[in-house]
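Chain and residue survey
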Amino acid sequence: MMATLNWTKFPLVGNHLSLDFVNTKIAEHGVPKDLLEGPADVAAWAVAVKLLDAPRAKKLAKLWQEAGSREEFEEVLRFRKVLHALVEAIAQSESVPPLTLREINAQLRKLNGYTEVLPSNEGFTKRFVLEIHSPTQLLGPVAEAASNLLCYGNPAYVKKCENPACVLYFYDGTKNHSRRWCSMKACGNRTKVAAFYQRQRQQAKRQAKRQRDTK
């Protein structure tokens, strides 16, 4: 039976392809949750980040499920673990292990595709078209994004959401680089509301203490 692809479940808050890939492992009510449960989820994520269109993703997911691409799926999870360690190191101003670079370069060597010329409003434009036949071939563009993060990104802008219960990372592209949360809706407002009620409780305790002291 073919699983339904759900590409709306991924929290695309990373502002960077490699970070959105790392963010496919989340925490829900304090409990770790993996949004990649099988090859079909890899195809769904590719739709979410616009590496594949929905019809192509559905065909590939069906093929991957029928072929039992478990070994390749495990490679996807393994590379995500490598990138998670990389992002964590950048966010904590730590050095990047040489093994991480070797893993990224290994995936870059597998990047397959071709360039085609298309008409545009200005005349013509070139577009690189990915050749995707297996789940691991989606790691090529992710590795390329990670290499761009290392080579051209500002390490100071790679941040973890300030909500202690959240595990998501993002690249802070705001004007003043003052972003603190994965998103205001998911964590920012929730944290502000919690802080407000904490202040209210503390204020109520102080008032109760003053009332006791004046008796």
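Here the structure is a predicted model, which means the values were calculated and not measured.

**What to know about the overall build of the protein chain**
- The helix and strand tally for the protein chain stands at 7 helices and 6 strands.
- If you list the helices and strands of the protein chain from N to C, you get α-β-β-α-α-α-α-β-β-α-β-β-α.
- Taking all 215 residues of the protein chain together, the buried fraction comes to 37%.
- On the protein chain, roughly 13,300 Å² of surface is accessible, and the fraction owed to carbon and sulfur atoms is 53%.

**Re helix α5 (residues 98-108)**
- When α5 is considered as a whole, its buried residues turn out to be Thr100, Glu103, Ile104 and Gln107. For α5, the buried positions fall inside an angular range of 95° around the axis, keeping them on one side. In α5, the exposed positions angled more than 90 degrees off the buried face are occupied by Pro98 and Arg102.
- Against the buried residues of α5 lie α4 (70-91) and α6 (139-152).

**Observations regarding the pairing of strand β4 (residues 123-130)**
- For strand β3 (residues 113-120) and β4, the ladder comprises 8 bridges, and the chain directions are antiparallel. Within β4, the position partnered with Glu116 by the bridge is Arg127.
- Taking the residues between adjacent antiparallel strands as the criterion, β3 and β4 are bridged by 2 residues.

**Regarding the pattern of salt bridges**
- A full pass over the atoms with the stated rule returns 10 salt bridges.
- Note that Glu28 is salt-bridged to Lys33, the shortest N-O span being 3.6 Å.
- Residue classification places Glu28 among the partly exposed residues on the basis of a relative accessible area of 38%.
- Between Arg70 and Glu74 there is a salt bridge, with the nearest N and O atoms lying 3.2 Å from each other. With a gap of 4 residues between them, Arg70 and Glu74 both fall in helix α4, about one helical turn apart.

**Re helix α2 (residues 39-48)**
- For α2, the tally of buried residues reaches 10 of 10 residues, placing the bulk of the element in the interior.
- Listing the buried residues of α2 in full gives Pro39, Ala40, Asp41, Val42, Ala43, Ala44, Trp45, Ala46, Val47 and Ala48.
- On its buried face, α2 sits against α1 (17-22), α3 (54-67), α4 and α6.
- One or two positions beyond α2, positive phi appears at Lys50, with a value near 65°.

**Focus: the side chain of Ser134**
- Within the secondary structure, Ser134 sits in the loop between β4 and α6.
- Looking at Ser134, its side chain comes within polar contact range of the side chain of Glu72, at 3.3 Å.
- Contact partners of Ser134, with chain neighbours within four places excluded, come to Trp64 and Glu72.

**So, the state of the cysteines**
- Within this structure, the stated rule accounts for 0 disulfides.
- There is no disulfide at Cys182, and the cysteine sulfur nearest it, in Cys187, is 3.6 Å away.
- On the basis of relative accessible area, Cys182 is assigned to the buried category, the value being 4%.

**Remarks on the confidence of the model for the protein chain**
- With 86% of its residues at a pLDDT of 70 or more, the protein chain shows a mean pLDDT of 88.
- Across the protein chain, α1 holds the top mean pLDDT of 98, while helix α7 (residues 184-214) sits lowest at 57.
- Between residues 191-200, whose pLDDT stays under 50, and residues either more than four places distant or in other chains, the model counts 3 contacts.

Criteria and cut-off values
- Residues numbered from 1 in each chain as written.
- Predicted model: local features only at pLDDT ≥ 70, side-chain atom pairs only at ≥ 80, totals over all residues.
- Heavy atoms only, no water.
- Helix = DSSP H or I, 4+ residues; strand = E, 2+ residues; numbered from the N terminus.
- Buried < 20%, exposed > 50% of the residue type's maximum accessible area, 1.4 Å probe, protein only.
- Areas by Shrake-Rupley, 256 points an atom, 1.4 Å probe, with all protein chains shown as cover.
- Arc of directions from axis to C-beta.
- Contact = heavy atoms within 4.5 Å.
- Pairing = 2+ DSSP bridges.
- Salt bridge = Lys/Arg side-chain N within 4 Å of Asp/Glu carboxyl O.
- Polar contact = N/O pair within 3.5 Å; in protein donor to acceptor, adjacent residues only side chain to side chain.
- Disulfide = S-S within 2.5 Å.
- pLDDT = per-residue confidence, 0-100.

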